[in-house]
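A look at the structure
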Amino acid sequence: MSSHTIAVHLPDGSVREVPAGTTPLDIANSISPRLAAASVVARLTPVTAAAQATPAGEGQESEASMYAAEQAGAPRLVDLSTPLTEDTRLELVTEKDTEALKVVRHSAAHVLATAVLELFPETKLGHGPATDAGFFYDFYREKPFTPEDLAAIEAKMAEVVARDEKFVHEFEPREKALAEFERDGDFMKTHFVTRFTEPGSEVSFYRNGKFVDFCRGPHVPSTARVKAFKVTNLAGAYWLGDEKNPQLQRVYGTAFFSKKEMDEHFARLEEAARRDHRVLGKQLDLFSIQDLAGAGLIFWHPKGAMIRKIMEDWMREECLRRGYQLVYTPHVARVNLWQTSGHEGFYAGNMFTPMELDDAMYRMKPMNCPFHILIYKNSPKSYRDLPARYAELGNVYRYERSGTMHGLLRVRGFTQDDAHIFCMPSQIESEVAACIDFAEAVLHTFGFKEFKVELSTWDPNDRAHYAGSDENWNLAIRSLDNVLKAKGIPYKTIAGEAAFYGPKIDVKLVDVLGRLWQLSTVQFDFNLPARFELEYVGEDGERHQPVMVHRALFGSVERFFGVLIEHYAGAFPLWLAPVQIGLVPISERHAEYAAKVEAELKAASFRVETDLRNEKMNAKIRDFANQKTPYILVFGDKEAAAGAVSVRTRGKGDQGSMPLADFIAKAKELVASQSTEL
RNA sequence: GCCGACGUAGCUCAGCUGGUAGAGCAGCUGAUUCGUAAUCAGCAGGUCGUCAGUUCAAGUCUGACCGUCGGCUCCA
């Protein structure tokens, strides 16, 4: 076997001739023991394919990338102990590589499973992958784990790590492995082996100490390389994600290369918790959810309502500027309407149950589309009327299951900044381009610098599943494609992700913590124009069916507001702050000057609050600061005499005294430019 | 909806193995009139999520329901 030598190409361009059977670890050791110690796994690229550089094109990423390791010629990760049998490019993957962290986490999941089986031998194993934030392992057992069990599991994991057990890659004939899993009642492992391996093949296992798991690997060399880990929480998860299946115990944990990195991770989580819009919503008195009224129903308090008013005013103005027409429609409609739209059939499960009135059954609207369609249909339309763009901040109500609500982000009653564009096929591309422009304007105006775009298209192999003509689908997808390309916006195409009624573009914004939020969406609808028999008379005098584009940019005003709160951690830019300026008279004898300052600021359209309480100035400053008020103006005898104010800027502290008129001019400028700076 | 945890004054939280509730902040009253992140004192605030049950006795134990949180699933 090791009779011949192979060529191993290293990243520095050097080539080593070594006997076949040499491992990456051997090579690492021969370079330097420190490199060997720092290496986690190895990345192999066949020399033949490596000649052509892999085109890492934007928009190329797809579901298939998950299986990239399976493709011939693509790089793959292997254990450091894997014998090399042919010429290859070799890269030793150290802790600097993001792939390496996933390997550590996956190995940590094995350590977790090892610990669980030692403590609770009756447990059946599901699977244990690495995730973006850590790892989990699914277990099945009659009795759920308790928080105390988790602590015991974590302690046992530390023992497994201390034992420094080698991860050994082993193979077993598939049928033998299956027989053993079936004998032991390991129904989940049986499923995975059956599903992911070929009959007659050798099945891959990893062993550490007495623990063996069906696994493709790769793994770190030994359990001691799982240096920093923590079991974080416990949750239920359905077997195969189907709620009809038994519920598993999913134990979550996370792992890092070092304690320091793990501490930073938990510090980030704390930062996210500090920004939690539900907590800030209470602290800043922005909104509430009332038990007496019901879950998922939002009460906007005066300060939250002020921000909402500013958002809505901006949105309506912008719609008018961009050629939309504003409409208002009811919150309920007869069931007949929902039958015509089809919602009664395919969306009923997400709708509030019908209510009976004397003349008919009614339902709350879950979407605005049918209403806008009725407006369109109310009078005959000519091609001269198109595109018709109807916009509404429409309140919709959807039945969300009780466990799924989440603050402002997932609710039962919400407001969509909804618009429907009825146009001719020839107008599609310019309309889509305008929508994308608008979406960018929304994000930039509200202070988001980054976003990601996804194009969801159909699965042409499943044609029967989709409404609308091939012609329309192709035209729509092509125009969505064209617009994104023309604008140079990087995007990801996801085939088969479109709704049955049309393709769509989703815009996900990235907040200051790097989290993704799905908000804006631009969707084609080939279904409703047909159901409602929409038409317009063309230049040719014939009747045609218009194309309908549905778009929401905030997505939902509630959700957008929730994301805004977290993005700014409650410290809103001046133009959005519910109270822009807090006035702090130093003692009661300055109340008169306070009234004068307040009047001048209000005359300049600022939102002002004066603290006339019999409190020390420090307490007043503190209270305004805790409310994240952008500007606090302090004044006493000196300022009153000079017609000045002492300006304290949020995040910057005392800026010294300046004439009130100067402050007003500066603040006006910041509001006008919707600045995020103070 | 499902699994797990939780629900005590407006807010944040104490209350051990059952013996009819506490603190800080906020609020109110009074004193203090203050120069850049909490002045002092006093007063008032709760049928301990709801409804049943066990018990001589329930915030504490049991059950159901409502809600919240972490997930699953789903989605704007």
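From a predicted model like this one, the values you see are computed outputs, not experimental measurements.

**Overview of the packing of aromatic side chains**
Taken as a whole and assessed by the stated rule, the structure comprises 33 aromatic pairs. When the ring of Phe448 is compared with that of Phe560, the centres are 5.9 Å apart and the planes differ by 75°; the resulting orientation is edge-to-face. Note that Phe448 is positioned in the loop between α14 (428–445) and β21 (450–457) and Phe560 in helix α17 (residues 557–568), a separation of 112 residues in sequence. For the pair Phe448 and Phe560, a shared accessibility class is recorded, and that class is buried. Aromatic pair Trp473 and Phe526: ring centres 5.7 Å apart, planes at 65°, arrangement edge-to-face. Here the residue Trp473 occupies a position in helix α15 (residues 470–487), and Phe526 occupies one in the loop between β24 (516–525) and α16 (528–531), the gap between them amounting to 53 residues.

**Description of the protein's contact with RNA strand B**
If you check the shell around RNA strand B, you find 56 residues, and the closest are Gln247, Arg410, Asn614, Glu639 and Ser646. With respect to RNA strand B, the side chain of Asp291 contributes an N or O atom lying 2.9 Å from a sugar or linking oxygen. Taking Ser402, its side chain carries an N or O atom lying 2.8 Å from a phosphate oxygen of RNA strand B. Contributing elements (two or more residues each) for the surface near RNA strand B: β11 (228–238), β12 (247–256), α9 (277–283), β24, α19 (617–626), α20 (637–642) and β31 (644–649). When residues in the surface near RNA strand B are grouped by element, the largest group, seven residues, is from α19. Looking at side-chain class alone, the surface near RNA strand B contains 18 nonpolar, 17 polar and 21 charged residues.

**Looking at the sheet that holds strand β9 (residues 202–208)**
Ordered by their spatial adjacency, three strands build an open sheet running β8-β9-β10, and the pairing between neighbours is antiparallel. Edge positions in the sheet fall to β8 (168–173) and β10 (211–214), since each of these pairs with one other strand and no more. Each adjacent strand pair in this sheet contributes to an overall mean axis angle of 35°, direction not counted. Inspection of the sheet shows β9 paired to β10 by four bridges, in the antiparallel sense. Across the sheet, residue Asn208 finds its bridge partner in β10, namely Phe211. Against the sheet, helix α6 (residues 174–183) touches β8, β9 and β10, its axis set at about 95° to β8.

**Quick notes on the environment of Ala305**
Here Ala305 shows up in helix α10 (residues 302–321). Ala305 sits 191 residues away from Thr114 along the chain, and the two C-alpha atoms are 53 Å apart.

**Brief notes about the domain arrangement of chain A**
How big an interface is tends to be expressed through the accessible area that disappears when the partners come together. Under the domain assignment used here, chain A contains domain 1 (5–52 + 73–94), domain 2 (99–272), domain 3 (291–329 + 365–568) and domain 4 (581–672). Each of domain 3 and domain 4 has a C-alpha centre, and the two are 42 Å apart.

Calculation notes
- Residues numbered from 1 in each chain as written.
- Chains lettered and ligands numbered in written order.
- Predicted model: local features only at pLDDT ≥ 70, side-chain atom pairs only at ≥ 80, totals over all residues.
- Heavy atoms only, no water.
- Phe/Tyr/Trp six-rings, centres within 6.5 Å; stacked < 30°, edge-to-face > 60°.
- Helix = DSSP H or I, 4+ residues; strand = E, 2+ residues; numbered from the N terminus.
- Buried < 20%, exposed > 50% of the residue type's maximum accessible area, 1.4 Å probe, protein only.
- Near = heavy atom within 4 Å.
- Polar contact = N/O pair within 3.5 Å; in protein donor to acceptor, adjacent residues only side chain to side chain.
- Nonpolar A, V, L, I, M, F, W, Y, C, P; charged D, E, K, R; others polar.
- Pairing = 2+ DSSP bridges.
- Axes fitted to C-alpha atoms, helices over the stretch in contact; angles between N-to-C directions.
- Contact = heavy atoms within 4.5 Å.
- Domains from an automatic or database assignment.

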